[in-house]
Amino acid sequence: MKERLMLGIETSCDETSAAVVADGQSVRSLVTYSQIAIHQAFGGVVPEVASRQHVAVITRTVEQALTEANVQLSQLDGIAVTCGPGLLGALLVGLSAAKGYALVSGLPFFPVHHIAGHVAAAGLEAQWRPPMLCLVVSGGHTELLVVDENFRFQRLGGTVDDAAGEAYDKVARLCGLNYPGGPEIDKLAAQGNPDALDLPRSFLDSEELSFSFSGLKSAVANRLEKARRNHEYLPVEDICASFQQAVLDVLVTKTSQAAKKTGLRRIVVAGGVAANRGLRQAMTQLACRADLEIFFPNPVYCTDNGAMIAAAGSHMMKAGRHGTLDVNAYANLSF
Ligand code: KG4
Ligand code: ZN
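For the chain, the name recorded in an unreviewed UniProt entry is tRNA N6-adenosine threonylcarbamoyltransferase, with Alicyclobacillus tolerans as its organism. The UniProt entry for the chain carries the following text under Sequence similarities (unreviewed entry): "Belongs to the KAE1 / TsaD family." UniProt, in its Subcellular location (unreviewed entry) section for the chain, records the words "Cytoplasm".

Asks: Which residues make up the sheet that holds strand β1 (residues 5–10), and what values do they have?
Replies: With mixed pairing, the five strands of this open sheet are ordered in space as β3-β2-β1-β4-β5. Edge positions in the sheet fall to β3 (26–34) and β5 (109–113), since each of these pairs with one other strand and no more. Neighbour-to-neighbour, the strand axes of the sheet open up by a mean angle of 20 degrees, direction not taken into account. Alignment of strand β4 (residues 78–84) against β5, held across five bridges, turns out to be parallel. Counterpart to A80 in the pairing with β5 is F110. Its contacts with the sheet place helix α2 (residues 47–69) against β1, β2 (15–22) and β3, and it is angled at close to 20 degrees to β2.

Asks: Account for the UniProt feature "binding site: substrate" (unreviewed entry) in the chain, naming residues and giving values.
Replies: In the numbering used here, UniProt assigns the "binding site: substrate" (unreviewed entry) feature to V136, V137, S138, G139, G140, D169, G182, D186 and N276. Turning to its location among the elements, G139 is positioned in the loop between β6 (132–137) and β7 (142–147). With residues up to four places along the chain from it excluded, the contact list for G139 reads A163, G165, E166, D169 and G272. Mapped onto the elements of the fold, N276 is located in the loop between β9 (266–270) and α9 (277–290). Residue class for N276 comes out buried when judged on the 28 C-beta atoms lying within 10 Å of it. Excluding its chain neighbours within four sequence positions, the residues that come into contact with N276 are G182 and D186.

Asks: I'd like a description of the site of ligand 1, backed by residues and values.
Replies: Among the 19 residues in the neighbourhood of ligand 1, the closest are listed as G139, G165, G182, G272 and N276. Contributions of two or more residues to the shell around ligand 1 are made by α5 (164–174) and α6 (181–189). Here the shell around ligand 1 gets four residues from one element, more than from any other, and that element is α6. Residues that form the shell around ligand 1 fall into these classes: six nonpolar, ten polar and three charged. When residues of the shell around ligand 1 are assigned to domains, at least three fall in each of domain 1 (5–125 + 301–318) and domain 2 (132–296).

Asks: Please set out the pairing of β7 residue by residue, giving values where relevant.
Replies: Within β7, five of the six residues are buried, which leaves it mostly tucked inside the rest of the structure. As paired elements, β6 and β7 share six bridges and run antiparallel to each other. Counted as the bridge partner of V137 is T142 from β7. What sits between the antiparallel neighbours β6 and β7 is a turn of four residues. Alignment of β7 against strand β8 (residues 153–158), held across five bridges, turns out to be antiparallel. Counterpart to V146 in the pairing with β8 is Q154. Counting the residues that bridge the hairpin from β7 to β8 gives five residues, and of these F151 lies at a positive phi of roughly 60 degrees.

Criteria and thresholds
- Each residue is numbered by its place in its chain's sequence as written, counting from 1.
- Following the order in which they are written, the chains are lettered starting with A and the ligands numbered starting with 1.
- Only residues with pLDDT of 70 or above have their local features reported here, since the model is predicted, and side-chain atom pairs are shown and tallied only from 80 upward, although totals for entire chains, interfaces and linings are computed over all residues.
- UniProt positions are given in the numbering used here, feature names are shortened, and annotations may be inferred rather than shown by experiment.
- Only strands that DSSP links by at least two bridges are regarded as paired with each other.
- By the criteria applied, helices consist of DSSP H or I runs no shorter than four residues and strands consist of E runs no shorter than two, each listed in order from the N terminus.
- In this description, a line fitted to the C-alpha atoms serves as the axis of each element, helices being fitted only across the stretch in contact, and the angle between N-to-C directions of two axes falls anywhere from 0 to 180 degrees.
- With C-beta atoms placed from the backbone, a contact is any residue pair whose C-beta atoms sit within 7 Å.
- Whether a residue is buried, exposed or partly exposed follows from its count of other C-beta atoms within 10 Å of its own C-beta, namely 20 or more, 12 or fewer, or something in between, respectively; the C-beta atoms are built from the backbone.
- We call a residue near a molecule or strand when the C-beta position, derived from backbone atoms, sits within 6 Å of it.
- Classification convention: Asp, Glu, Lys, Arg as charged; Ala, Val, Leu, Ile, Met, Phe, Trp, Tyr, Cys, Pro as nonpolar; all other residues, Gly among them, as polar.
- Where a domain begins and ends is set by an automatic assignment or by a domain database.

In structure tokens:
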């Protein structure tokens, strides 16, 4: 059967990214202009700066993705784009560009939920085997979901306050580390003592599939303040290791509870935080203990990228779920 080529465009936060993916699986090109260096000076993403930067590079990014895949717009089978959730101004840039390309080409159009994109990243250069339980952990989200054969999602639970990645970024900032904090903490945690600080683990003893990370961040802040007042030296490696252990304990326990509740044995761990080496190790150990199969996207597809959006668009196309050009961008978007 002829392969089906999907263009994917992602601009929900601080990466302008476009990709061409064949059959939801094979990445033909992926071009990403990261704004991280620009936002680093502010210690986090500045929405207005992000929107303007997307405008400056969006056309170039899409054209480069088509050139690198060696295809013309007319040779594609569809166009997929993130329509939410995310920063509204940033989303509108990608969405408007995608609508323009769809309008001139007449190609089918697929508006993608950003979290669905993160989940679809697990099928890139790998087997896509729904139904699966999904843990999506990123800078904006911490969600437990089920994805079915028609690429439909059911939400089981999520964070009641900060997302896991947000907690990583805030704790990194408290420690004087660079934005984004996840990769920095990941590196330092490997050299520290995870039992050095006594930190809270929310909802650990409850069956509720909820997460809360803002108390953990405050506990780290209070502990650092106490150490400062008492002239106590706390190695940054120990802070990172203790914080990371608290996050991992909660993520692993809740995923295990959700697997028991749903009876699902195949689990996708996706989103920016899924690049975390400690999390990948802890989830792999859970898989061995509980006889589960764990799927991680390749780390290059964990953080925001156009390939995951193209893959999600392909799954929607297969399920016959085409969108229309009157779709809007949504800062908040449920499933
Ligand atoms: O999925 P993503 O690129 O953007 C959102 O949709 O939010 O995730 C970005 C988040 C940031 O909070 C970043 O600190 C975190 O993912 N992150 C990590 C790692 N790499 C990125 N967190 C922990 N460990 C990592 N290795
Ligand atoms: Zn994301």
